[in-house]
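Here is what each chain is made of, one letter per residue.
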Amino acid sequence: MMRARVPLLLLGILFLASLSASFATSLREEEESQDNPFYFNSDNSWNTLFKNQYGHIRVLQRFDQQSKRLQNLEDYRLVEFRSKPETLLLPQQADAELLLVVRSGSAILVLVKPDDRREYFFLTSDNPIFSDHQKIPAGTIFYLVNPDPKQDLRIIQLAMPVNNLQIHDFFLSSTEAQQSYLQEFSKHIPEASFNSKFEEINRVLFAEEGQQEGVIVNIDSEQIEELSKHAKSSSRKSLSKQDNTIGNEFGNLTERTDNSLNVLISSMEMKEGALFVPHYYSKAIVILVVNEGEAHVELVGPKGNKETLEFESYRAELSKDDVFVIPAAYPVAIKATSNVNFTGFGINANNNNRNLLAGKTDNVISSIGRALDGKDVLGLTFSGSGEEVMKLINKQSGSYFVDGHHHQQEQQKGSHQQEQQKGRKGAFVY
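All residue numbers here refer to positions counted from 1 along the written sequence of the relevant chain. Per-residue local features are limited, in this predicted model, to residues with pLDDT of at least 70; the limit for side-chain atom pairs, both in listing and counting, is 80 or more; totals at the level of whole chains, interfaces and linings are taken over all residues. Side-chain numbers here rest on the full set of heavy atoms in the structure, without hydrogens or water.

Here we come to the pairing of strand 19 (residues 295–302). Only protein chains enter the area calculation, which uses a 1.4 Å probe; residues under 20% of their type maximum are buried, those over 50% are exposed, and those in between are partly exposed. Elements are defined by DSSP. Helices are runs of H or I of four residues or more, strands are runs of E of two residues or more, and each kind is numbered from the N terminus. Here strand 19 lies mainly inside the structure; seven of its eight residues are buried. In this sheet, strand 20 (residues 311–318) lies alongside strand 19 in antiparallel orientation, the contact comprising eight bridges. For H296, the partnering residue across the bridge sits in strand 20 and is E317. Two strands make a pair as long as DSSP finds a minimum of two bridges between them. Pairing of strand 19 with strand 22 (residues 332–336), which is carried by five bridges, proceeds in the antiparallel orientation. Paired with A295 across the bridge in strand 22 is A336.

Turning our attention to the sheet that holds strand 18 (residues 285–292). Pairing is antiparallel in the open sheet, where seven strands are placed in the order 1-21-18-23-16-15-14. Across the chains shown, the open sheet's two edge strands, defined by having one partner strand only, are strand 1 (39–40) and strand 14 (244–248). One ladder, built from eight bridges, connects strand 16 (residues 263–270) with strand 23 (residues 340–347); its direction is antiparallel. Bridge pairing in strand 23 places M268 opposite F342.

Once that is clear, we can look at helix 4 (residues 198–206). Here helix 4 has its buried residues at F198, I201 and F206. The arc that holds the buried residues of helix 4, viewed along the axis, is 70 degrees, so those residues lie on one side. Projecting away from the buried face of helix 4 at angles above 90 degrees are the exposed residues E199, R203 and V204. It is the directions from the helix axis to the C-beta atoms that the arc portrays.

With that out of the way, let us pick up unusual backbone geometry. Notably, N262 is not glycine yet its phi reads approximately 60 degrees, a positive angle. Counting through the fold element by element, N262 comes out in the loop between strand 15 (251–258) and strand 16. Phi angles above zero are rare outside glycine, and A329 is one such case at about 75 degrees. Note on placement: A329 falls in the loop between strand 21 (323–326) and strand 22. Note on A329: relative accessible area 45%, which makes it partly exposed.

This part covers the sheet that holds strand 2 (residues 46–52). Sheet architecture is open: six strands sit in the order 2-3-4-11-6-9, paired in antiparallel fashion. Looking along the sheet, the strands with just one partner apiece sit at the ends: strand 2 and strand 9 (133–136). Averaged over neighbouring strand pairs, the angle between their axes works out to 20 degrees when direction is ignored. One ladder, built from eight bridges, connects strand 6 (residues 96–104) with strand 11 (residues 153–161); its direction is antiparallel. Looking across to strand 11, one finds that L100 is bridged to Q157. Axes here mean lines fitted to C-alpha atoms, for a helix over just the part in contact, with angles spanning 0 to 180 degrees between N-to-C directions.

Here the focus is the environment of D95. In this fold, D95 is placed in the loop between strand 5 (87–94) and strand 6. Judged by relative accessible area, which is 7%, D95 ranks as buried. Residues within four places of D95 in sequence aside, it is in contact with P161, V162, N163, Q166, I167, H168 and F170. In this structure the side chain of D95 is engaged in a polar contact, spanning 3.3 Å, whose partner is the side chain of N163. Note on contacts: a residue pair qualifies if any of its non-hydrogen atoms lie within 4.5 Å across the two residues. We define a polar contact as two N or O atoms separated by no more than 3.5 Å, with the added condition that, inside protein, one atom must be a possible hydrogen donor and the other a possible acceptor, whereas residues neighbouring each other in sequence contribute only through side-chain atom pairs.

Salt-bridge detection follows one rule: a side-chain nitrogen of Lys or Arg within 4 Å of a carboxyl oxygen of Asp or Glu. Counted by the stated rule, this structure contains 16 salt bridges. For R58, the salt bridge is made with E80, and the minimal N-O distance between the two is 2.6 Å. In this pair, R58 is assigned in strand 3 (residues 55–60) and E80 in strand 4 (residues 77–83), connecting sequence segments 22 residues apart. Side by side, R58 and E80 carry an identical accessibility label, which is buried. One salt bridge connects E292 with K320, and the closest N-O pair in it is separated by 3.6 Å. Of the two residues, E292 sits in strand 18 while K320 sits in the loop between strand 20 and strand 21, which places them 28 residues apart along the sequence. For E292, a relative accessible area of 33% translates into the label partly exposed. Judged by its relative accessible area of 34%, K320 falls in the partly exposed class. One salt-bridge network, held together by shared partners, links R58, E80, R82, R103, R154, E292, K320 and D321.

Attention now goes to the nonpolar core. As used in this record, nonpolar core signifies buried Ala, Val, Leu, Ile, Met, Phe, Trp, Tyr and Cys residues forming a set joined through side-chain atoms within 4.5 Å. Formed by 58 residues in total, the largest nonpolar core has its most connected members in F63, L78, L158, M270, F324, I334 and F342. Here the element with the most residues in this core is strand 18; it accounts for six residues. Discounting residues that sit within four places of it in the chain, I334 has contacts with M268, M270, A274, L275, F276, L288, A295, H296, V297 and F342. If you look at the next biggest cluster of nonpolar residues, it comprises 37 residues, including L89, I108, Y120 and I224.

Structure, rendered in structure tokens:
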């Protein structure tokens, strides 16, 4: 009996060892996948909710599911909408506040309210400084038209769910893709509500014959022309706060804050080779979406999830439809590897400040040096004297966006030395 038990015991030990090794490997793989918890790759981070020949609707995975570090974004979602020319997104309402930004093309947005009230908005990306955008209150029925005969419409939405952490779109129509939510009521409820027999209600509202293929459909030019008259003649509303615009020959940034939503909207363009110098936001958590082009981004943050004085760099190569999150107070630098433009949403935007760590203006380090005892403080902060630090800072005459190719050859020569110093966390390496 003892001889029989020994092999069984050994098998059990081997099984447990194998299970433990497998679990450890799984943990390592999970850690590796979270090496950069702030980066959402367009290839595997967007979930398609609907798609047909006329367009699609897709939503970015939840921020808090990507990493615990993004828990403060659990109440926010990103939704992308694209449609072909001369198409209509059928009427719907959502259980979320929506903030729409037109990334390319133009749109006619219609908000439907009780008592036969409607609001028409003509939105476009043609504005050279800032793309048009519009709020849609939660529960408001709306529909959206791409009136252009040639250009696709691309919209990015910041959604703020009001029920739970998921977003639900309630479509009135029954299509081949989904049923109308009205069909979920018991028969006697629509009969009493519409004062009609269910057979008639079903024929008029829900019959399979004549159903659309999906929630994005083709619309004829005459209907578009009629809608356009209403949209262009109505007063267009925008966020009621002044724009904050900065820029030079290397790039430009425009920001606008909606205090009612506590959200900042930004539009940024950079020329190939331009560098947005290291900077950080005091309160806002910025969600950056790449519209077109490519860029290299470096973010400096605490090492791991624990409270620590150790830092490391989180780097990513961004391309079209990628998303990158910049937490408040985390220094970040962005270099354009091609002509690139971004749309950004800043959460907790009220009373937020953008602080630069290099450049001629809004540089908080040089602000220390210009204080009464600032140079002494800088001398204690860095290895050089306060005068040397200020001299170094003043070498950069540009602000915000600068030439990212500057000293590139010298940097390449010193790359070996930089790699040796890689363990010194908390500094950018270019």
